Amino acid sequence: MKEKILITGGCGFIGSHTACVLLESGYEVVIIDNLSNSKVEVIDKIKKISSKEVTFYEGDVCDKKLLKKIFKQEKIDVVIHFAAFKAVGESVKLPLKYYRNNLDTTLSLLEVMNEFNCKRLVFSSSATVYGSPKSLPIKEDFPLSTTNPYGTTKLMIEQILKDLAKSDPTWSIAILRYFNPIGAHESGLIGENPNDIPNNLMPYIVKVANKELEILSIFGSDYDTKDGTGVRDYIHVMDLAKGHEKAIEKVLAETKIDCYNLGTGEGYSVLELVETFKRVNNVDVPYKIVERRPGDIAACYADPTYAYKELGFKAERGIEEMCKDAYHFVEKNK
Ligand code: UFG
């Protein structure tokens, strides 16, 4: 048996896929999740996919009493910290909710980790910390800035982690900056399933294809991009999950703090994604062009070379597979 990994937010979209990848590789997995944006059924699905056991604690990462109980009961080697609020628009309307939750969870977790001398951490950050990049592709040493409170919580936490590692160099931390994760596990058992009307492109496309929503609004066709619509670096969630396994290997092998882009290095426009989705799934996705969404940037894609050099991570799945797997999940769970 390999090391024991605590996954905060392990019932969520990226957390659940990461749990499957780690179990498959022989790690022991403990999950804490308060189910604020996920369902407890995910635990059974993770067990079914992996044919392995998972220890689940329902509760909040702000709850230090519960955290201490977990660290006392389980001998945790590495923590992956996913648990956070992540809706950009909501964070603009309710900034205090975002600062309170995302910072409180992280500080409580770090304090308890310190107390139990568990100092290996993989942190879920986001490409949002690059703000409006001056050039593309984006490298890890680009200047950092944010345009909304959600992004600012990620950037603040990155700073907290850097200060912590500086004060105590026995901490070993990998900060992962995700680009745009889409797709689902090939089984169709787990995937992205927002309860409300989706904010992000792929879950919206899927709901329009499935006739749960009428029409997709494409936010702007006058950007300085290949076809005028926004360009993003979409990465299959299973590739992203694999990136977490590589990051665990890194924090176990080397004691340092570092940041890594997790993307493919390829940019696709909104129209390209919609057309690929329609073609590979043989479904219609009606759309209309509307105004730009405030705060959006024209294009964003990673330079993935540092993650490859340092972690040995390279995304393998293409855009067609991402579109197929995203739709398969919804079809299977109709
Ligand atoms: N888009 C549409 N219609 C929609 C939704 C999105 O046209 O209904 C467009 C956007 O304008 C953008 C592209 O699709 O050009 C992707 O938008 P998403 O909302 O799916 O993703 P973002 O790149 O805006 O945001 C994502 C994450 C954030 C993160 C950000 C930067 O959702 O958490 O990347 O890393 F902060």
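Let us look at the site of the ligand. By nearness alone, 18 residues border the ligand, and Asn-200, Ser-217, Arg-232, Arg-293 and Asp-296 come closest of all. In the environment of the ligand, an oxygen atom lies 3.0 Å from a nitrogen or oxygen atom belonging to the side chain of Asn-180. Leu-201 is positioned such that a nitrogen or oxygen atom in its backbone is 2.8 Å from an oxygen atom of the ligand. Taken by itself the ligand offers 690 Å² of open surface, and the protein chains cover 88% of this.

Attention now goes to the side chain of Thr-153. Here Thr-153 is to be found in helix 6 (residues 149-167). Using a relative accessible area of 0% as the deciding quantity, one classes Thr-153 as buried. Looking at Thr-153, its side chain comes within polar contact range of the main-chain oxygen of Tyr-150, at 2.6 Å.

Right, let's talk about the packing of helix 5 (residues 95-115) against helix 6 for a bit. Where helix 5 meets helix 6, the closest approach of the two axes is 9 Å, and the angle between their N-to-C directions is 20 degrees. When the interaxial angle is binned, helix 5 and helix 6 end up roughly parallel. Remark: the crossing between helix 5 and helix 6 carries right-handed chirality. In this structure, helix 5 contributes Pro-95, Tyr-98, Tyr-99, Asn-102, Leu-103, Thr-106, Leu-107, Leu-110 and Asn-114 to the contact, and helix 6 contributes Pro-149, Tyr-150, Thr-152, Thr-153, Met-156, Ile-157, Ile-160, Leu-161 and Leu-164. Residue composition of the contact of helix 5 with helix 6, by class: 13 nonpolar, five polar and no charged.

This paragraph deals with the nonpolar core. Membership of the largest hydrophobic core comes to 38 residues, with the highest contact counts inside it found for Ile-31 and Val-122. Among the elements that make up this core, the one with the highest residue count is helix 1 (residues 13-24) (six residues). Beyond its immediate chain neighbours, meaning those up to four positions away, Ile-31 contacts Ile-7, Gly-10, Cys-11, Ala-19, Ile-43, Ile-46, Val-54, Thr-55, Phe-56 and Tyr-57. Listed in part, the 28 residues of the second largest apolar core include Tyr-57, Leu-67, Leu-109 and Leu-161.

One can expect most non-glycine residues to show negative phi and most peptide bonds to be in trans. In this model, Leu-136 is joined to Pro-137 through a cis peptide bond whose omega is -5 degrees. Within the fold, Pro-137 resides in the loop between strand 5 (120-126) and helix 6. Phi is positive for Asn-117, which is not a glycine, with a value near 55 degrees. One can find Asn-117 in the loop between helix 5 and strand 5. Residue classification places Asn-117 among the exposed residues on the basis of a relative accessible area of 57%.

Another point: the environment of Tyr-306. The topology assignment puts Tyr-306 in helix 10 (residues 305-311). Residue Tyr-306 is classed as partly exposed on the basis of its relative accessible area of 25%. Measuring from C-alpha to C-alpha, the distance between Tyr-306 and His-81 comes to 22 Å, with 225 residues separating the pair along the chain. In this structure the side chain of Tyr-306 is engaged in a polar contact, spanning 2.5 Å, whose partner is the side chain of Asp-258.

For the structure shown, the criterion picks out 26 salt bridges. As a salt-bridge pair, Lys-47 and Glu-53 come within 3.8 Å of each other at their nearest N and O atoms. Classification of Lys-47 by relative accessible area gives partly exposed; the value is 24%. Here Asp-239 makes a salt bridge to Arg-317, at a shortest N to O gap of 2.7 Å.

Criteria and cut-off values
The residue count restarts for each chain, going from 1 along the sequence in the order it is written. This being a predicted model, a pLDDT of at least 70 is required before a residue's local features are given, and a value of 80 or more before pairs of side-chain atoms are given or counted; all residues contribute to the totals for chains, interfaces and linings. No hydrogens and no water enter the side-chain calculation; it runs on all heavy atoms of the structure. Think of it this way: one heavy atom of a residue within 4 Å of a molecule or strand is enough to make that residue near it. Within 3.5 Å is the distance limit for a polar contact, defined as a pair of N or O atoms, with the added protein rule that one can donate a hydrogen and the other accept it, and that residues adjacent in sequence qualify only through two side-chain atoms. For accessible areas, the Shrake-Rupley method is used with a probe of radius 1.4 Å. Any residue's cover is judged against the shown protein chains and nothing else. For helices the rule is a DSSP run of H or I covering at least 4 residues; for strands it is a run of E covering at least 2, with both sets numbered from the N terminus onward. Remark: exposure states derive from per-residue accessible area (1.4 Å probe, protein chains only) relative to the maximum for the residue type, with buried under 20%, exposed over 50%, and partly exposed in between. Helix axes are fitted only over the stretch in contact, all axes being lines through C-alpha atoms; the angle between N-to-C directions runs from 0 to 180 degrees. When an angle is under 35 degrees it counts as roughly parallel; over 145 it counts as roughly antiparallel; between 65 and 115 it counts as roughly perpendicular; any other value is oblique. In this scheme the handedness of a crossing depends on how the near helix is turned from the far one: anticlockwise by less than a right angle means left-handed, clockwise means right-handed. Here, residues are in contact when the closest pair of their heavy atoms is within 4.5 Å. For this classification, the nonpolar set comprises Ala, Val, Leu, Ile, Met, Phe, Trp, Tyr, Cys and Pro, the charged set comprises Asp, Glu, Lys and Arg, and every other residue, Gly included, is treated as polar. For this analysis, a nonpolar core means a set of buried residues of the types Ala, Val, Leu, Ile, Met, Phe, Trp, Tyr and Cys, connected via side-chain atoms within 4.5 Å. Basic side-chain nitrogens of Lys or Arg form a salt bridge, by our definition, when they fall within 4 Å of a carboxyl oxygen of Asp or Glu.

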